[in-house]
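Geometric and topological summary
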Amino acid sequence: MISTNSTGEPALRIENLDKYYGTFHALRGINLSVKRGEKIVVCGPSGSGKSTMIRCINRLEQHNGGRIEVLGTELNDDVGNIDEIRREVGMVFQHFNLFPHMTVLENCMISPMIVRKQPRAQAEATARLYLEKVRIPEQAMKYPSQLSGGQQQRVAIARALCMQPQIMLFDEPTSALDPEMVSEVLDVMVTLASEGMTMICVTHEMGFARRVADRMIFMDGGDIVEEASPDEFFTSSRNERTRQFLSQVLGH
Amino acid sequence: MEMVVVAPPAPGRLEDLRRRFFATPLQAVLSLACLAIMVFLVWKLLNWAVFSAVFTTSGGPEACQAAAGACWSVIAARWRIIFFGLYPYEEQWRSALACVAVVVMTVLSCIPAFWTGRRIALVWGAGTSLFYVLMKGGVLGLAHVGEEAWGGLALTLFIFVTTCLIGFPLAICLALLRRSELPWISRTTGLIIDGVRSLPLISILFTFAVVLPFALPQWLQGDKLYRVILGSALFFSAYQAEIVRGGMQGVATGQEEAAMALGMRYWQRVSRILLPQAMRNAMPATINQFVISFKETSLVVIVGFFEILASGNAAYGTGEWRFAYVEVYAFIAFIYFIFVFSLSRYGAFLERRMSVSER
Ligand SMILES: Nc1ncnc2c1ncn2[C@@H]1O[C@H](COP(=O)(O)OP(=O)(O)O)[C@@H](O)[C@H]1O
Ligand SMILES: [Mg+2]
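Since we're looking at a predicted model, the values are computed, not measured.

Observations regarding the overall build of chain B
Of the regular secondary structure elements, chain B holds 15 helices and one strand. At 26 Å, chain B has a C-alpha radius of gyration far larger than the 21 Å of a compact globule built from 359 residues. C-alpha atoms of chain B, sized along the principal axes, occupy 90 × 75 × 40 Å. Counting over 359 residues, chain B shows a buried share of 42%. When contacts within chain B are restricted to residue pairs at least 6 apart in sequence, long-range pairs at least 24 apart make up 67% of them. For chain B, the accessible surface area stands at approximately 19,800 Å², while carbon and sulfur atoms represent 70% of it. Computing the positive centroid from 28 side-chain charges and the negative centroid from 20, chain B places the two 5 Å apart.

Listed below in structure tokens is the structure:
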């Protein structure tokens, strides 16, 4: 369960997390602890609360009960804490959410410049470095609308990395992509994983999960139903719901 | 095997015309009839406006009235009133310079290179204070001219530009408040916006010009001109706020989330992510609103200001030129046209420029 490149101190600790949408109980007392450098893959049926959980981690959703501690800072109503955590936690969305009125380069530079107050030259150097890393340096001056879905998602990853975060969250980063573009995005994520980034990925790409996950999390009905190493998870899951889900995802 | 698909050849000019207007005999007859009517009307207009018109003041009003065509001498004789209203004769060069200052300021702030906070503030600060000093005088050896004597084109431009300068930021604030997460803020703002929109502009101007002085202490009143500008800015901002809000609704929620996830604060998100996209969505309606409020400046006449339309009335209203009102109105319409047409062309330019980065 604990991989070799994980070290002691936790990057993330979630205790008894509760989240309600109105009267709907979306997260039911979730507990999760993630070590630095650990890669977690979260899966589960639609509506099981995967997005809600990772969106609570950077406060895109406000939780109603329990504790979330990110890199030793507790997430509460303290705006300073929220800002600090958001600076250190990058997020990649299903629908990319690039800023359409900015070029690829500007997308990558804006936040380091106005949030981290980096000088323009430094921000640009960093942006070009990460665009190189996601293998689209030549698209820097284009607008997002001029790129393919796979390229846009790689820009979104580069944009998040430019803030030099310590934790990366991925919410179904390949679900909105045409099949032939999935692997170019996954390749970038694999590289990132191999460099020791702490990652929490919601994804149904089981091949990817097998390759990089230190731990698999299976959610259902707002709860974590199973937590296991990939080997265990894919071959000898004890849980009925998990096996059913796996047969659906891996099935055909 | 490779298929080569060739687009059908584009029809020539003549062929295109034939197809559009002369496809059947009946259509041909109708087309010719319309053409005849159009030629006739254009000829009549040109004849009146140019060929039979009088352009010099040499013959005086009598010779002018006797002519078959337009009497443009009224403009030659009275243009100063139209442009400067009741502004003192020897000082009218100041009013002219002030107009130039406002136009230059507007043109500069329309150029993308000036769209940084500091440059825009510089242009507007310099433009409005230059206008104010030139018009009002009392410093630098310029004779003092009170606001009640301002008039004509200078007054129209001043009211329009200040209405927009005050109204636009106000509109953005109102739009932001209206989408606040606190219900009492958003509801109150909604109430204000809808309240102002449900009143006619005339009644707002009247209230600010005539009623407000009874309600406010002396030191708060300011000159009537500035109260009227405030009223008109309030009216402008209520409509523009709804336009901006509409533009904001067109911005995907994911945009704001992405900005939050990148650590941006509220004002950073609003100024860098939300507003640039919202204003882009709102551009056509915004230009429309500008055009409307430019034309609505003529309503200030009811509270006693001689903006360009009222000055036009004065220009032909004095005895000898009384017959030449059509020419005066045509001339004023032409001035309005120049400004409004430039505005809408500029709007078209902005839309073209922005479409580059659209999806
Ligand atoms: N903003 C919201 N308002 C109300 N209900 C929501 C909202 N977001 C999600 N939900 C509900 O919460 C549950 C979990 O949603 P989500 O976390 O998006 O699931 P998943 O990402 O696993 O598909 C779903 O039943 C969904 O309908
Ligand atoms: Mg989801």
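Topic: the pairing of strand S8 (residues 198–202) of chain A
When a strand is regular, its side chains alternate between the sheet's two faces. All names here are of chain A. Burial runs high along S8: five of the five residues are buried. In S8, alternate side chains face the same way, and those of Thr-198, Ile-200 and Val-202 on one face and Met-199 and Cys-201 on the other are all buried. Direction of pairing for strand S3 (residues 39–43) relative to S8: parallel, over a ladder of four bridges. When the bridges of S8 are listed, Val-42 appears paired with Val-202.

Notes on the sheet that holds strand S5 (residues 73–74) of chain A
Residue and element names in this part refer to chain A. Spatial strand order, S2-S1-S4-S5: four strands in an open sheet with antiparallel pairing. Each edge of the open sheet is held by one strand with a lone partner, namely strand S2 (24–35) and S5. Direction of pairing for strand S1 (residues 10–21) relative to S2: antiparallel, over a ladder of nine bridges. In the sheet register, Leu-17 faces S2, and the bridge partner there is Ile-30. Running at roughly 120 degrees to S1, helix H1 (residues 50–57) makes contact with S1, S2 and strand S4 (65–70) of the sheet.

Things to note about the nonpolar core
Judged by nonpolar contacts, the single largest core of 66 residues is most densely connected at Ile82(B), Trp150(B) and Leu225(B). Broken down by element, the residue count for this core peaks at eleven residues, all from helix H7 (residues 152–178) of chain B. Those residues in contact with Trp150(B), other than ones at most four positions away along the chain, are Tyr87(B), Phe131(B), Tyr132(B), Met135(B), Lys136(B), Val145(B), Leu155(B), Phe158(B), Leu225(B), Tyr226(B) and Phe306(B). Counting residues in hydrophobic clusters, the runner-up holds 51 residues, among them Val92(A), Met109(A), Leu192(A) and Phe208(A).

Concerning the site of ligand 1
All names here are of chain A. Near ligand 1 you find Tyr-21, Phe-24, Ala-26, Pro-45, Ser-46, Gly-47, Ser-48, Gly-49, Lys-50, Ser-51 and Thr-52, and these make up its full shell. Gly-47 is positioned such that a nitrogen or oxygen atom in its backbone is 2.7 Å from an oxygen atom of ligand 1. Within the side chain of Lys-50, one N or O atom sits 2.8 Å away from an oxygen atom of ligand 1. Contact with the protein chains removes 59% of the 560 Å² of surface that ligand 1 exposes when unbound. Partitioned by chemical class, the residues of the shell around ligand 1 number four nonpolar, six polar and one charged.

Regarding the interface of chain A and chain B
Interface extent is often summarised as the accessible area lost during association of the parts. Taken together, the contact between chain A and chain B spans 24 residues of the former and 22 residues of the latter. At the boundary of chain A with chain B, total buried surface from both sides reaches about 2,000 Å², with 60% on carbon and sulfur atoms. The three residues of chain A that bury the most area against chain B are Arg86(A), His101(A) and Ile114(A), which together make up 27% of that side's buried surface. Between Arg265(B) and Asp83(A) there is a salt bridge; the shortest N-O distance is 2.5 Å. Where chain A touches chain B, the interface holds seven residue pairs in polar contact (both at pLDDT 80 or more). Mapped onto the side of chain A that touches chain B, the elements with two or more residues apiece are helix H2 (79–88), strand S6 (89–92), helix H3 (104–114) and helix H5 (149–161) of chain A. Class assignment for the residues of the side of chain A that touches chain B results in 14 nonpolar, five polar and five charged.

Remarks on the confidence of the model for chain A
Chain-level statistics for chain A give a pLDDT mean of 91 and a share of 96% at 70 or above. In the model, residues 1–6 of chain A has pLDDT below 50 throughout and makes 15 contacts with residues more than four positions away in sequence or in other chains.

Here's the deal with the side chain of Arg86(A)
By the element assignment, Arg86(A) lies in helix H2. Lacking a salt bridge, the buried Arg86(A) has Asp83(A) as its closest oppositely charged neighbour, with an N-O distance of 5.0 Å. A distance of 2.9 Å separates a polar atom in the side chain of Arg86(A) from the backbone oxygen of Arg59(A). Setting aside residues up to four positions removed in sequence, Arg86(A) forms contacts with Asn58(A), Arg59(A), Leu60(A), Met260(B), Ala261(B), Leu262(B), Gly263(B) and Arg269(B).

Let's talk about empty space enclosed by the protein
All names here are of chain B. A full pass over the atoms with the stated rule returns three cavities of 30 Å³ or more. Empty space within the largest cavity amounts to approximately 90 Å³. Ile-159, Thr-163, Leu-201, Leu-205, Ser-232, Phe-235, Phe-236, Ser-293, Glu-296, Thr-297 and Val-300 are the residues that line the largest cavity. Only H7, helix H9 (201–215), helix H11 (224–249) and helix H13 (266–296) provide two or more residues apiece to the lining of the largest cavity. The greatest single-element share of the lining of the largest cavity, amounting to three residues, is contributed by H11. Here the lining of the largest cavity is composed, by residue class, of six nonpolar, four polar and one charged. Considering only enclosed or pocket space, the second largest cavity measures out at about 50 Å³ in volume.

Definitions and cut-offs
- Residues numbered from 1 in each chain as written.
- Chains lettered and ligands numbered in written order.
- Predicted model: local features only at pLDDT ≥ 70, side-chain atom pairs only at ≥ 80, totals over all residues.
- Heavy atoms only, no water.
- Helix = DSSP H or I, 4+ residues; strand = E, 2+ residues; numbered from the N terminus.
- Rg over C-alpha atoms; globule rule 2.2 N^0.38 Å.
- Buried < 20%, exposed > 50% of the residue type's maximum accessible area, 1.4 Å probe, protein only.
- Contact = heavy atoms within 4.5 Å.
- Areas by Shrake-Rupley, 256 points an atom, 1.4 Å probe, with all protein chains shown as cover.
- Lys, Arg positive; Asp, Glu negative; His and termini not counted.
- Charge placed at Lys NZ, Arg CZ, Asp CG, Glu CD.
- Pairing = 2+ DSSP bridges.
- Axes fitted to C-alpha atoms, helices over the stretch in contact; angles between N-to-C directions.
- Core = buried A, V, L, I, M, F, W, Y, C linked by side-chain atoms within 4.5 Å.
- Near = heavy atom within 4 Å.
- Polar contact = N/O pair within 3.5 Å; in protein donor to acceptor, adjacent residues only side chain to side chain.
- Nonpolar A, V, L, I, M, F, W, Y, C, P; charged D, E, K, R; others polar.
- Buried area = accessible area lost by both parts, 1.4 Å probe.
- Salt bridge = Lys/Arg side-chain N within 4 Å of Asp/Glu carboxyl O.
- pLDDT = per-residue confidence, 0-100.
- 1 Å grid on protein atoms, 1.4 Å probe; cavity = no way out; pocket = protein on both sides within 12 Å on 5 of 7 lines; lining within 4 Å.
- Points joined across faces, edges and corners; volume = space filled by probe spheres on them.

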